[in-house]
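Working through the structure, step by step
Listed below are the residues making up each chain.
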Amino acid sequence: MPDPITEELFRNAISAVGDEMVLTIFRTAYSGVLKNIMDFSAAVCDAEGRLVAQGLSLPGHLCSIPVALGAVLKHFGDDIAEGDIFINNDPYDGGMHLPDIFIFRPLFADGAVIAYAATICHHTDVGGRVPGSNASDSTEIYAEGLRIPPLKLYDAGKANTTLFRMIERNVRIPGRVFGDIRSQLAACEIAARGMADLVARYGDDEVRRLMVAMMDYSERLTRHCLSELPDGEATFTDWIDDDQIDMGVPIKLVCTVRKRGDTMEVDWTGSAPQVKGAINNTWSYTAAMSFTAVKSVLSINMPNNDGVFRPIKVIAPPGTITNGKLPAACAARGLTGFRGVDCAFGALAQLYPDRVMAASDGGNTGLTIGGYDKELNPFIYVDFISGAWGARPWADGLDGNTCMFANMASFSVEVIEAENPLEVLDYEFVPDTGGAGKFRGGMSQRKTWRMLADEGILQVRADRQTHRPYGLGGGGPGAYGRNILDPGLPTEEKLHAKLTMTLRRGQVFRHDLPGAGGHGDALSRDLTMVAKDLRDGLVTIDAAARDYGVIARGDPPEIDVPASEALRAGLHATRKPLPAVAWEPAA
């Protein structure tokens, strides 16, 4: 007879194991992309490779861990012994992109596998033509770095020294890479201890039953939440600016959502064929962006595990940008994933407009600066600049907060300067960049760097510089993003959204994230909310009048209520309302 109290206690206990794994990586990692930005995940899977409990980390890894572990199990079958540890990063054999290295450790009870500890970390460098291994202008995977198929890193406790040497000779900063791999191994050890405690408490057969019950519980909750939603079908089309190879050629993303009963289908048929540039998704990443979008509109926050996936079908035709085929490059596939979440939101908003936010900033911008000092010692700085949520039907979009699909942290300016030959000149919000609305979109962030080494390779993966983040429900779009070389100097130059170039000593690079979309009619925004934005410097006096019909004067600005009411009345009479999905601001 199932005992709901025991099942609830077990759910919390095994979820805590996942969270402890995450904290172990956070505390022991060497690289800034892990210890500062937190681009990693950890989880516990059952003996069949199904996700049971994911630590508090990235939604972008929602589906990647079971897919990668499935590839390991396919290759090794019964050839799994105590002391084995597996590694994999091959996008065409369970992985996502080469910097994301998976480490799996089988956990045993009474001589049989009872579970797997799973970790995935974005490593600072895995070789390839560009430092950081994350460039968007590679045209095939063979240029992107070291490709590791599912292999044993340790065989019955013995290190695979051949593989370790192979990794060492193919990455620019092996000390940091091996340090981060050790942090993944430490997290797996934490999972082994946690699972041993659970087996000692409940017994191995009961632990197996409880893991199945936990997945079934999430499935029941997911089906319940889906059954609450009206049935329907909707399609949305959005455009990625380009792939950096075919400059100026927009790339189509098409998402169709079909809701029937207690199931949902997310279909990416109609999206562009795979592209030459490195922004092609693997199926697992497309599945993750689909699950993230759907889960965000459900009424219950159920545990992330295999049960959530069961009622949601993801269709991503092979050979398209949502499911690339070998030899498609995919290092910068994060961009397509972030944009895909917004595309799925566009479809969901047609069915459930009261539950869906406007477009975010388009996802974080990936930036790498790498090179060598005078003694030929390498340096590699990897950053993911995260900025703004789209406005929600009930509240403003978040400012200075990572895209929902990423869930990363901001890189400390002090740490950047301490660890790299760079000076950060500013890190700030850009006024008037959030889409206007009854609830405004999150504001853009600006970050500016000065190069202090003789030279380095600058690589940027950005978007939304020709296609704004859309507004919903009559709200305006967010501002375009921008890349600027040497801002304010005679040599100032506007750069492309995606780029790979040499940055020389003293040169300055500035990146402005896009702003996020607004929601609802801007002329109905509460005056006290406009007043707060004016005081905080997020909206200027000119933009308050132009976008919100609000007259303010002085420093600090004070709103003239009668003048504002008169201006709003005039604008209501003359301004054409924005459509349900707005790509351009109100005239």
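Note that this is a predicted model, so its numbers are computed, not measured.

Per the secondary structure count, the protein includes 13 helices and 24 strands. A compact globule built from 587 residues would reach a C-alpha radius of gyration of about 25 Å, and the protein, at 24 Å, matches this within 12%. In terms of principal-axis extent, the alpha carbons of the protein reach across some 80 × 65 × 40 Å. By residue count, 60% of the 587 residues in the protein fall in the buried class. Put simply, the protein shows about 21,600 Å² of open surface, and 54% of that area lies on carbon and sulfur atoms.

With that out of the way, let us pick up the side chain of Asp486. Position of Asp486 relative to the elements: it lies in the loop between strand 18 (482-485) and strand 19 (493-495). Buried charged residue Asp486 carries no salt bridge. Nearest counter-charge: Arg450, at 7.7 Å. A distance of 2.9 Å separates the side chain of Asp486 from the side chain of Thr491, its partner in a polar contact. When sequence neighbours within four positions are dropped, the list of residues in contact with Asp486 reads Thr491, Glu492, Gln507 and Val508.

This paragraph deals with empty space enclosed by the protein. It is the rolling of a water-molecule-sized probe over the atoms that shows where space remains empty. This model, assessed by the stated rule, comprises seven cavities of 30 Å³ or more. Its boundaries defined by the atoms lining it, the largest cavity holds a volume of some 130 Å³. Taken together, 19 residues form the lining of the largest cavity, with Asp39, Tyr285, Arg333, Phe338 and Met408 sitting closest to its centre. Counted by class, the lining of the largest cavity contains eight nonpolar, seven polar and four charged residues. Two domains each donate at least three residues to the lining of the largest cavity, and these are domain 1 (3-221) and domain 2 (357-587). The computed volume of the second largest cavity comes to approximately 80 Å³. Lining the second largest cavity we find Ser31, Gly32, Val33, Thr124, Arg176, Ile380, Tyr381, Val382, Phe411, Glu419 and Asn420.

Turning to the domain arrangement of the protein, a few remarks are in order. We note that the domain assignment places domain 1 (3-221) and domain 2 (357-587) within the protein. On a C-alpha basis, the centres of domain 1 and domain 2 stand 35 Å from each other. Taken residue by residue, the interface counts 24 residues in domain 1 and 24 residues in domain 2. Interface area, domain 1 with domain 2, both sides summed: about 1,900 Å², of which 63% is carbon and sulfur.

It is worth spelling out the sheet that holds strand 10 (residues 263-267) at this point. The four strands lie next to each other as 8-9-10-11, forming an open sheet whose pairing is mixed. Strand pairing shows two members of the sheet lacking a second neighbour, strand 8 (232-240) and strand 11 (312-315), which therefore form its edges. Recorded for the sheet is a direction-independent mean angle of 15 degrees between the axes of neighbouring strands. The pairing of strand 8 with strand 9 (residues 251-260) spans nine bridges and is antiparallel. Bridge assignment links Ala234 to a residue of strand 9, and that residue is Val257. Relative to strand 10, helix 6 (residues 204-228) is tilted by about 80 degrees, and along the sheet it contacts strand 9, strand 10 and strand 11. Helix 9 (residues 334-351) rests against strand 8, strand 9 and strand 10 of the sheet, and its axis sits at about 145 degrees to strand 8.

A full pass over the atoms with the stated rule returns 50 salt bridges. Ionic pairing is found between Asp238 and Arg464, a salt bridge with its closest N-O pair at 3.0 Å. Separated by 226 residues along the polypeptide, Asp238 in strand 8 and Arg464 in the loop between strand 16 (455-461) and strand 17 (471-472) bring together distant segments of the chain. Note on Asp238: relative accessible area 0%, which makes it buried. Note that Asp512 is salt-bridged to Arg482, the shortest N-O span being 3.2 Å. Here Arg482 lies in strand 18 and Asp512 lies in strand 21 (residues 508-512), a separation of 30 residues in the sequence. What makes Asp512 buried here is its relative accessible area of 5%. On the basis of relative accessible area, Arg482 is assigned to the partly exposed category, the value being 35%. Within this structure, Asp216, Glu219, Arg223, Asp262, Asp306 and Arg310 form a network of salt bridges that share partners.

Cut-off values and rules
Residues numbered from 1 in each chain as written. Predicted model: local features only at pLDDT ≥ 70, side-chain atom pairs only at ≥ 80, totals over all residues. Heavy atoms only, no water. Helix = DSSP H or I, 4+ residues; strand = E, 2+ residues; numbered from the N terminus. Rg over C-alpha atoms; globule rule 2.2 N^0.38 Å. Buried < 20%, exposed > 50% of the residue type's maximum accessible area, 1.4 Å probe, protein only. Areas by Shrake-Rupley, 256 points an atom, 1.4 Å probe, with all protein chains shown as cover. Lys, Arg positive; Asp, Glu negative; His and termini not counted. Salt bridge = Lys/Arg side-chain N within 4 Å of Asp/Glu carboxyl O. Polar contact = N/O pair within 3.5 Å; in protein donor to acceptor, adjacent residues only side chain to side chain. Contact = heavy atoms within 4.5 Å. 1 Å grid on protein atoms, 1.4 Å probe; cavity = no way out; pocket = protein on both sides within 12 Å on 5 of 7 lines; lining within 4 Å. Points joined across faces, edges and corners; volume = space filled by probe spheres on them. Nonpolar A, V, L, I, M, F, W, Y, C, P; charged D, E, K, R; others polar. Domains from an automatic or database assignment. Buried area = accessible area lost by both parts, 1.4 Å probe. Pairing = 2+ DSSP bridges. Axes fitted to C-alpha atoms, helices over the stretch in contact; angles between N-to-C directions.

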